[in-house]
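Okay, here's what each chain looks like letter by letter:
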Amino acid sequence: MTEFVFATHNAGKLKELQAMVPPSIKLLSLDDIGCHEEIPETETTFKGNALLKAQHVQKHYGLPCFADDSGLEVTALDGAPGVYTARYAGVGCTSDDNMDKLLAALENQSDRSARFVCVIALLQGNEAVYFEGFCPGEILSERQGTDGFGYDPIFKPNGFDRSFAQMTMAEKSAISHRGKAVAQLVAFLKNSQ
Ligand code: IMP
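Because the structure is a prediction, the values reported are computed rather than measured.

K.L.:
Teacher, can you tell me more about the nonpolar core here?
P.N.:
Nonpolar side chains tend toward joint burial in soluble globular proteins. Counting 18 residues, the largest nonpolar core has F4, L27, F66, I120, L122, V182 and L185 as its most contacted members. Elements with a contribution of two residues or more to this core: β1 (2-6), α1 (11-20), β2 (25-28), β4 (113-124) and α5 (177-191). In terms of residue count, α5 provides more of this core than any other element does, 5 residues in total. Those residues in contact with I120 that sit more than four places away from it in its chain are F66, A67, D68, V129, Y130, F131, A181, V182 and L185. In terms of nonpolar packing, the next biggest core, distinct from the first, is built from 17 residues, V74, M99, F116 and C135 among them.

See the structure below:
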């Protein structure tokens, strides 16, 4: 059994990820290792923020770690909210606040295309290896479904007639930005064993 810290406080993300990796890999969240602080995400790219989070854990806890940074890029908003996806409606806002703000910003917009992006940074000593996944889709005009987390109820992936929040975790992971990035990470870990 290999243990890795996955640098997140988000229980929804940890659950999704644990289900995607082989059973021989046990993931620990930040809270599992006693890291209760918010790691600052001060970079302007997903890659930069993923690296910051992984480096924080390595520096302060000395444990093998990877981190992801993810977000939503909306075409009609020139790629916003991007790296600000988690705090789109302001620091301390809820997912509902974020969805309300995005639905309002897209009112009367005919182009509702968007994509989720996920970058994972895996630290191996001082070297970082990156894995990237994208999921194209569109922003619905109202919430559909209640599963998942974040913007799931208003994001419909291309080729489906349901939102992420109406899919099982396995269905979502097979096509999601995070699923695609994790598949590359898992292949990399298998090859380097
Ligand atoms: P991060 O935790 O800094 O990567 O923040 C990414 C934010 O993007 C999260 O707080 C969610 O609001 C949103 N997000 C990322 N991935 C997903 C997803 O799979 N479904 C819904 N929202 C997501």
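K.L.:
Would you take a moment to explain the pattern of salt bridges for this structure?
P.N.:
A side chain with one charge can pair with a side chain of the opposite charge if their charged atoms come near. Across all of its chains, the model carries 11 salt bridges by this definition. Here E16 makes a salt bridge to R178, at a shortest N to O gap of 2.9 Å. Here E16, found in helix α1, pairs with R178, found in helix α5; they are 162 residues apart in sequence, far enough to count as distant. R178 gets classed as buried once you look at its relative accessible area, which sits at 2%. R162 is paired through a salt bridge with E171; the nearest N and O atoms lie 3.2 Å apart. Look at E171 and you get partly exposed, because its relative accessible area is 32%. Because the salt bridges share partners, they merge into one network encompassing K13, E16, D68, D152, K172 and R178.

Conventions and cut-offs
- Residues numbered from 1 in each chain as written.
- Predicted model: local features only at pLDDT ≥ 70, side-chain atom pairs only at ≥ 80, totals over all residues.
- Heavy atoms only, no water.
- Core = buried A, V, L, I, M, F, W, Y, C linked by side-chain atoms within 4.5 Å.
- Buried < 20%, exposed > 50% of the residue type's maximum accessible area, 1.4 Å probe, protein only.
- Helix = DSSP H or I, 4+ residues; strand = E, 2+ residues; numbered from the N terminus.
- Contact = heavy atoms within 4.5 Å.
- Salt bridge = Lys/Arg side-chain N within 4 Å of Asp/Glu carboxyl O.

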